[in-house]
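# Structural overview
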Amino acid sequence: MSDPGPRPTIRLDKWLWQARFVKSRTLAAALVSGGHVRVNANRTDKPGARVGPGDTLTFPQGHEIRVVRILAPGDRRGPATEARTLYEDLTPIKEIPLENPRYEGNGRPTKKDRRQIGRLNKPPLE
């Protein structure tokens, strides 16, 4: 039986940057150093932690919590279409209500109502 060799790995901060989850390596390192990233359900604060195919990452992105499974370590920060091949998105899809919100009474919606409308009109992350 032949040994396939060591599993290809890459630094966590570099992978987050190459997969286009953050705009720079500095921001990726800050995200990891802040203890906001979990690798296989274990919190890590080491930007140099090694990750590879099969690892599952959980981290915040905007107002969402992203869960992704790494499929490939990647060689470069290429276009978004190439970056999408590096991972499988496991984030649960939120159901967006199809109806417009209704207001009791007449007139202008309150500030709270306007905030809720803004949340409903945001496009989902891809």
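I will try to describe carefully the structure that is included in this document.

### Remarks on the sheet that holds strand β2 (residues 37-39)
What the five strands build is an open sheet, ordered β3-β2-β5-β6-β7; its pairing is antiparallel. At either margin of the open sheet sits one strand with a lone partner, and together these are β3 (42-44) and β7 (87-89). With direction set aside, neighbouring strand axes in the sheet form an average angle of 30°. Where β2 and strand β5 (residues 56-61) come together, two bridges link them in antiparallel fashion. Paired with Val-39 across the two strands is Leu-57, which belongs to β5.

### So, the pairing of β5
The side chains of a regular strand alternate between the sheet's two faces. With burial as the criterion, only one face of β5 is covered, namely that bearing Leu-57, Phe-59 and Gln-61; the residues Thr-56, Thr-58 and Pro-60 on the opposite face remain uncovered. Where β5 folds back onto strand β6 (residues 64-70) in an antiparallel hairpin, the turn is made up of two residues, including Gly-62, whose phi is positive at roughly 65°.

### Observations concerning the side chain of Thr-44
Relative to the helices and strands, Thr-44 is located in strand β3. With a relative accessible area of 13%, Thr-44 lands in the buried category. Sequence-distant contacts of Thr-44, defined by excluding residues within four places in its chain, comprise Leu-12, Val-32, Gly-35, Val-37, Val-39 and Ala-49.

### Section: the nonpolar core
Grouped together as the largest cluster of nonpolar side chains are 19 residues, with contacts concentrated most on Leu-12, Trp-15, Leu-16, Phe-21, Val-51, Leu-57 and Phe-59. Elements that contribute at least two residues to this core include exactly α1 (12-18), α2 (25-33), β2, β5 and β6. Once residues within four sequence positions are removed from consideration, Phe-59 is found in contact with Leu-16, Phe-21, Leu-31, His-36, Val-37, Glu-64, Ile-65, Arg-66 and Val-68.

Reading guide: rules and limits
Residues numbered from 1 in each chain as written. Predicted model: local features only at pLDDT ≥ 70, side-chain atom pairs only at ≥ 80, totals over all residues. Heavy atoms only, no water. Pairing = 2+ DSSP bridges. Helix = DSSP H or I, 4+ residues; strand = E, 2+ residues; numbered from the N terminus. Axes fitted to C-alpha atoms, helices over the stretch in contact; angles between N-to-C directions. Buried < 20%, exposed > 50% of the residue type's maximum accessible area, 1.4 Å probe, protein only. Contact = heavy atoms within 4.5 Å. Core = buried A, V, L, I, M, F, W, Y, C linked by side-chain atoms within 4.5 Å.

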